[in-house]
Amino acid sequence: MSKVFTVALVCATLGTLAPTVSQAGEQLDRIKQNDKIVCIVNPNSPGFSVPDSQGVFQGFNTDFCRMAAGVIFGDVNKVEIRGVGFSDSLKTMIAGDADMASRSITQTATRAAEPNLGFVVTTFYDGQGFMVPKSLNVNSARELAGATICAEDGTTTLQSLADYFGRLNVQYTVQNIADKSARLQAFFSGKCDALSTDLSALASDRQLAPNPDDYVILPEVISNEPLTLVARPDKELQEAIFWGVQAMLNAEELGITSQNIDQVMSQLDSAPPKVKRLLSQNEAAGDVAKKLGISPNWSYVVIKNLGNYGEVFERHLGKGSALAMDRATSPNRLAIDGGLLYAYPIR
Ligand SMILES: N[C@@H](CCC(=O)N[C@@H](CS)C(=O)NCC(=O)O)C(=O)O
C-alpha cells in the first residue's frame, strides 16, 4: 500500500483545495454536461462486476454505478462503466480520471485522508479471509503454518496477514501477484496453498475456478473491510450518491420493491408519511432534488429500475445466485434485522 500512496501523494492534484463556495457542485455540473457518469469497477468479478454476453457489465457493484446515474439523470443507463485493476483504480481516482469507483475499496483512514478520494457510503461490510483447496484438508487458518499464500500488494491484504499471523506467531510466505488472472492462475494451479483477500472477493474468485467445488473458504475473518463507494470530492455529487443508497435501504425497510413501486406511487396521497417523504416530489425527496440539482424523481428511478438494497443483493449475490450468500447471517442485512445496514432518515 505504501508504494502506491507515495506515488499517489506526489501525483494528487490540488484542484479540490480551492476554497470558494461557488465551486461546490462543479463536479456534478461537469458530469451533467457530459451526460454520463464514469464509474470504475473490477473487470472480472462474478456477482460483483462481470461483462455479460453483450459485453455489458452486470453485478452488485455495477448496480451502484447505475444507481448514481439514476439519481443524477433519472436514467440508470447514463453511465460509462470501466473495468480497472485494483491499484490502478485508486490511482485513477486520485488523478481525477473517473467520477466514482464501485469496487471492493476498503475505507481506511490513510486513504480517506487523500485529497482526491471522496469516500461516500459503505455498500458491503466485509472482512478478509482465506480460501484453500479441499484437498489440503485444512479446516482453520490456524493450520496454515508454513503455507504459501497468494495475495495482492497495494491492498489492505498484506498488512492484515502480517497482523494475524504475527499475533499467532506463525510463519508463512506471501506470493505477491498484482495481476488478478495471474494470481488466480497461481492459486488454482497449486503454486500457493491459500488465497487471501476479502471474503466477497473469495466467493467471487471461487466461481472462476475450473471446479468451484474443489475449494473451500475457511471460517476465520481476520479484518474489518468496509467496502465503500468512492467519488470525486464534491459536496453535491457525494450527497447524491449517499442518498441514493439510503433510498434503497429505506425502500427495503418500508417493503417497497421494483415490483410494487408503481402500485405504491398510484396511492401515494394516502401512503404512510415515510413513504411519501421517500417518493413524493412535494416532500423531502423533492426538496433534496432541488437543492442538489438531481433528477426530481431520483428515488423512484433507482427503486423501479434496480430495486431496493435487498433485491440488488439477492439478484447478484444471494442464495439463488452462483455465489449463494446467505444474507440472513450476513452483516449486510438491515439493522432492524440485526445487520449493519442502517437506513438514514429521508425527511
Ligand atoms: N478491500 C481491500 C482489498 C481489495 C482487493 O484485494 N481487491 C482485489 C481482490 S479481488 C481485487 O479487486 N483485485 C482484482 C483487480 O485488481 O482487478 C482493499 O481495499 O485494499
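What this report covers is the structure whose coordinates are included nearby. Values in this document were obtained by computation on a predicted structure and should not be read as measured data.

Calculation criteria
- Residues numbered from 1 in each chain as written.
- Predicted model: local features only at pLDDT ≥ 70, side-chain atom pairs only at ≥ 80, totals over all residues.
- Heavy atoms only, no water.
- Pairing = 2+ DSSP bridges.
- Helix = DSSP H or I, 4+ residues; strand = E, 2+ residues; numbered from the N terminus.
- Contact = heavy atoms within 4.5 Å.
- Axes fitted to C-alpha atoms, helices over the stretch in contact; angles between N-to-C directions.
- Near = heavy atom within 4 Å.
- Polar contact = N/O pair within 3.5 Å; in protein donor to acceptor, adjacent residues only side chain to side chain.
- Areas by Shrake-Rupley, 256 points an atom, 1.4 Å probe, with all protein chains shown as cover.
- Nonpolar A, V, L, I, M, F, W, Y, C, P; charged D, E, K, R; others polar.
- Disulfide = S-S within 2.5 Å.
- Core = buried A, V, L, I, M, F, W, Y, C linked by side-chain atoms within 4.5 Å.
- Buried < 20%, exposed > 50% of the residue type's maximum accessible area, 1.4 Å probe, protein only.

## Considerations on the sheet that holds strand β5 (residues 100-101)
Two pairing modes exist for strands in a sheet, parallel and antiparallel, and in both the strands are linked by backbone hydrogen bonds.
Here is step 1: What the 5 strands build is an open sheet, ordered β4-β1-β5-β12-β6; its pairing is mixed. Lying at the two open borders of the sheet, with one neighbouring strand each, are β4 (79-83) and β6 (118-126).
Here is step 2: Where β5 meets strand β12 (residues 225-231), 2 bridges bridge the pair, whose relative direction is antiparallel. Bridge pairing in β12 links M100 to A231.
Here is step 3: Across the sheet, helix α3 (residues 60-73) touches β1 (37-41), β4, β5, β6 and β12, and the angle it forms with β1 is around 165°.
Here is step 4: Strand contacts of helix α9 (residues 235-254): β1, β5, β6 and β12, with the helix running at about 25° to β6, the strand carrying the most contacts.

## Quick word on the site of the ligand
Here is step 1: Surveying the vicinity of the ligand reveals 20 residues, the closest of which are F86, R103, T106, R111 and D198.
Here is step 2: S104 is positioned with one of its backbone polar atoms (N or O) 2.9 Å from a nitrogen atom of the ligand.
Here is step 3: In this structure, an oxygen atom belonging to the ligand sits 2.7 Å away from a side-chain N or O atom of R111.
Here is step 4: When isolated, the ligand has an accessible area of 490 Å², and the protein chains bury 97% of it.
Here is step 5: Elements supplying a minimum of two residues to the shell around the ligand: α7 (180-188), β10 (194-198) and β12.
Here is step 6: When its residues are assigned to classes, the shell around the ligand shows 5 nonpolar, 8 polar and 7 charged.

## Things to note about the state of the cysteines
Formally, a disulfide is one covalent bond, and it connects the sulfur atom of one cysteine to the sulfur atom of another.
Here is step 1: One pass over the full model with this rule turns up 2 disulfides.
Here is step 2: Here C39 pairs with C65 through a disulfide, and the sulfurs are 2.1 Å apart. Taking the sign of the S-S torsion, -60° for the link of C39 and C65, the bridge is left-handed. Of this pair, C39 sits in strand β1 while C65 sits in helix α3; the two residues are 26 residues apart in sequence, bridging distant segments of the chain.

## Description of the nonpolar core
Here is step 1: With 65 residues, the main nonpolar core has M67 and L279 as its most contacted residues.
Here is step 2: In contact with M67, other than residues within four places in its own chain, are L229, I241, G244, V245, M248, V302 and L306.
Here is step 3: Formed by 15 residues, the second largest nonpolar core is a distinct cluster that contains V138, A147, Y164 and I222.

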